[in-house]
Amino acid sequence: MKIFACTSCDYHSVTSKYTCPKCQQGKLQEKEVSTKGTVYSFTDIHVAPAEFAHIAPYTVALIELDEASVKVTARMDSEVAIGDAVDLKGLEEGAFIYTKAN
Amino acid sequence: MTNVYVHGVGMTQFGTFVDRTMKDLLLDACIQALNEAGNPKVDAVYVGNFMGGSIYNQEILGAIVANELGLGFIPTAKVEGACASGGIAVRQGVLGIQSGEYETVLVAGVEKMKHASTADVTQAINAAMDNDSNEKRAGLTFPGFFGVLANRYFFETGASKKHLAMVALKNRENAIQNPLAQFRKPATLEEIMEARMITNPLGLYDCSPMTDGAAAIVLSSKKSPVHVRSSAQSSGPTQMQDADDLLSIPAIRESGRLAYKKAGVGPEDIDVVEIHDCFSMTEMLAIEELGFFSKREGWKAIEEGRTKVTGDKPVNTSGGLLSRGHPIGATGISQLYQLVHQLRGTAPNQVAGNPRLALAQNLGGTGSYSVVHILERV
């Protein structure tokens, strides 16, 4: 998975920024890390906006990557609990779809 | 620096008003505030509004107010800052007076939501998220964000769904005494906990409703018994995955810090509070971020009843967004409506001991904007 790391401090993010929001000096550089991670928290969305109503209820989780201090918001393919080991299943219309790791 | 004072406040009933137009609600609140202020000459108008364009097809609200009320060809503007639109509009009025450009400013806020379907309103509210992101495409929503946050909060503290329900129950009990509130029907803790799930663990009563309503305030450099002691605003991460600490909303924390610094007071000096409880979880977090209680311990204060009208830090004596209602653009101004009445001694759920300092905190997005105003009885 592509993440962004600051050239002058320890800031990491899954989203790019013009300058580092932490030290406000460094630039963010692309870095490749494993997609494996752990569920930091989650919710089950029962009431969805019009564009997602057809798949409700669905689970959205905040996943902490194993190889970098980065969190990623993803849709899960099943229910999860905090601490579950997960991995990327694929991309769907720009969304990360994660699944429980074996 | 020029001091700014409150000269009048106005507020419509909050609720479902399919037979009243947005203009009708907006002008009603403005006329109440102007009458209370003694109908002064107004130098500028700011209107807080979020979805008038997207679901009601009505903009130019500032000019409509000036024209309909015959205020003259004065400068006006609509201010959009998601759910903080009202608070940011008030701040624009304060800054306009402090700059010396205006002596007296009328600030109003309005929203019409109940004519539209829940799916359409949810979609319109999603405009306050960063829609060009993998997070939005994953299907995260506003209540979804606070659901994720609540599950983590439970995981790290001793809090549970019962504590969220206690926030919702407190605000409902306060709203019952507020004649302008949307929800005045009593509810029980059990009812709240067993209500339909929206985004686990948040149920129906944990989420603020769709509401029609308006509120207004007249500010001036001329002296009055209610002084705007400070006005502060901050921004923060627009995506959940960008949060450094999920259990912190930096915009709330920073706007509070700046407001205290400008006012020369601390959280311990504040007598009565209106907080942006868009969700019960948000109130639990905001009372920590504003320094009223320690980090990760807001739930204990709620359990001990410290945020009730009779507690040492009364929060949302109006009923809050959860039960007073949340007509988005009007919310930040309706908070000040309640606090001005608290300082005058005329509020529903009047707190004891003649409160002197009152704090309002208005949030936009999932932490994108936060505005804090501290009012003082002088």
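Computed from a prediction, not measured in an experiment: that's the story for all the values here.

**As for the overall build of chain A**
Here comes step 1: Counting its regular elements, chain A contains zero helices and eight strands.
Here comes step 2: For chain A, the succession of helices and strands along the chain, N to C, is β-β-β-β-β-β-β-β.
Here comes step 3: Going through the 102 residues of chain A one by one, you find that 46% of them count as buried.
Here comes step 4: The contacts in chain A between residues at least 6 apart in sequence include a share of 37% that link residues at least 24 apart.
Here comes step 5: By element, 48% of the accessible surface of chain A is carried by carbon and sulfur atoms, the whole surface being about 5200 Å².
Here comes step 6: If the 10 positive side-chain charges of chain A are averaged to one point and the 14 negative ones to another, these points end up 7 Å apart.

**Brief notes about the domain arrangement of chain A**
Residue and element names in this part refer to chain A.
Here comes step 1: You can read the domains of chain A as domain 1 (1–32) and domain 2 (35–102).
Here comes step 2: For domain 1 and domain 2, the distance between their C-alpha centroids amounts to 23 Å.
Here comes step 3: Both faces combined, the contact of domain 1 with domain 2 buries some 570 Å², and carbon together with sulfur accounts for 77% of it.
Here comes step 4: When the buried area of domain 1 at its contact with domain 2 is split by residue, Met 1, His 12 and Val 14 rank highest and sum to 78% of it.
Here comes step 5: Summed over the shared surface of domain 1 and domain 2, the result is zero salt bridges.
Here comes step 6: The interface formed by domain 1 and domain 2 contains zero residue pairs in polar contact (both at pLDDT 80 or more).
Here comes step 7: For the side of domain 1 that touches domain 2, the class distribution of residues is three nonpolar, two polar and no charged.

**Some thoughts on the sheet that holds strand β11 (residues 369–377) of chain B**
All names here are of chain B.
Here comes step 1: Pairing in this open sheet of nine strands is mixed, and the strands run β3-β2-β4-β7-β1-β8-β11-β10-β9 from one edge to the other. With one partner strand each, in any of the chains shown, β3 (76–79) and β9 (272–274) form the two edges of the open sheet. Taken over all neighbouring pairs, the strand axes of this sheet differ in orientation by 25 degrees on average, direction set aside.
Here comes step 2: In terms of strand pairing, strand β2 (residues 44–48) meets strand β4 (residues 104–111) through five bridges, oriented parallel. By the bridge assignment, Val 47 is partnered in β4 with Ala 108.
Here comes step 3: Contacts between helix α3 (residues 61–68) and the sheet are confined to β2, β3 and β4, with β2 contributing the most and set at about 130 degrees to the helix.

**Let's talk about the pattern of salt bridges**
All names here are of chain B.
Here comes step 1: Under the defined criterion, the tally for this structure stands at 31 salt bridges over all chains.
Here comes step 2: With a shortest N-O distance of 3.6 Å, Lys 222 and Glu 103 are connected by a salt bridge. Of the two residues, Lys 222 sits in the loop between β7 (213–220) and β8 (226–235) while Glu 103 sits in the loop between α4 (85–98) and β4, which places them 119 residues apart along the sequence.
Here comes step 3: Between Arg 306 and Asp 312 there is a salt bridge, with its nearest N and O atoms 2.9 Å apart.
Here comes step 4: Given a relative accessible area of 31%, Arg 306 falls into the partly exposed group.
Here comes step 5: The class of Asp 312 is partly exposed, set by a relative accessible area of 46%.

**A word on the layout of surface pockets**
Here comes step 1: Of the pockets and cavities examined, the largest pocket occupies roughly 820 Å³.
Here comes step 2: For the largest pocket, the lining is made up of 34 residues, of which Leu204(B), Cys207(B), Ser208(B), Pro209(B) and Met210(B) are closest to its centre.
Here comes step 3: Those elements that provide at least two residues to the lining of the largest pocket are α5 (118–125), α7 (142–156), α8 (161–176) and α13 (320–323) of chain B.
Here comes step 4: The residue makeup of the lining of the largest pocket, split by class, is 21 nonpolar, seven polar and six charged.
Here comes step 5: Taken as a whole, the second largest pocket spans an internal volume of roughly 560 Å³.
Here comes step 6: Around the second largest pocket, the lining is made up of 20 residues, and of these Tyr11(A), Asp242(B), Ala243(B), Asp244(B) and Asp245(B) lie nearest the centre.
Here comes step 7: Looking at the lining of the second largest pocket, its residues break down into seven nonpolar, six polar and seven charged.

**Brief notes about unusual backbone geometry**
Where the residue is not glycine, phi is negative for most of them; where a peptide bond is considered, it is trans in most cases.
Here comes step 1: Geometrically, the link from Ala56(A) to Pro57(A) is a cis peptide bond, its omega value of -5 degrees lying close to zero.
Here comes step 2: The peptide bond linking Asn200(B) to Pro201(B) adopts the cis configuration, its omega dihedral lying at 5 degrees.
Here comes step 3: Looking at the element boundaries, Pro201(B) is found in the loop between β5 (197–199) and β6 (202–203).
Here comes step 4: Of note in the backbone geometry, Gln24(A) takes a positive phi value of approximately 55 degrees without being a glycine.
Here comes step 5: Mapped onto the elements, Gln24(A) comes out in the loop between β2 (12–13) and β3 (28–32).
Here comes step 6: At Ala82(B), a position not held by glycine, the phi torsion is positive, near 50 degrees.
Here comes step 7: Among the secondary structure elements, Ala82(B) is positioned in the loop between β3 and α4.
Here comes step 8: Judged by its relative accessible area of 3%, Ala82(B) is buried.

What counts, and where the lines are drawn
- Residues numbered from 1 in each chain as written.
- Chains lettered and ligands numbered in written order.
- Predicted model: local features only at pLDDT ≥ 70, side-chain atom pairs only at ≥ 80, totals over all residues.
- Heavy atoms only, no water.
- Helix = DSSP H or I, 4+ residues; strand = E, 2+ residues; numbered from the N terminus.
- Buried < 20%, exposed > 50% of the residue type's maximum accessible area, 1.4 Å probe, protein only.
- Contact = heavy atoms within 4.5 Å.
- Areas by Shrake-Rupley, 256 points an atom, 1.4 Å probe, with all protein chains shown as cover.
- Lys, Arg positive; Asp, Glu negative; His and termini not counted.
- Charge placed at Lys NZ, Arg CZ, Asp CG, Glu CD.
- Domains from an automatic or database assignment.
- Buried area = accessible area lost by both parts, 1.4 Å probe.
- Salt bridge = Lys/Arg side-chain N within 4 Å of Asp/Glu carboxyl O.
- Polar contact = N/O pair within 3.5 Å; in protein donor to acceptor, adjacent residues only side chain to side chain.
- Nonpolar A, V, L, I, M, F, W, Y, C, P; charged D, E, K, R; others polar.
- Pairing = 2+ DSSP bridges.
- Axes fitted to C-alpha atoms, helices over the stretch in contact; angles between N-to-C directions.
- 1 Å grid on protein atoms, 1.4 Å probe; cavity = no way out; pocket = protein on both sides within 12 Å on 5 of 7 lines; lining within 4 Å.
- Points joined across faces, edges and corners; volume = space filled by probe spheres on them.

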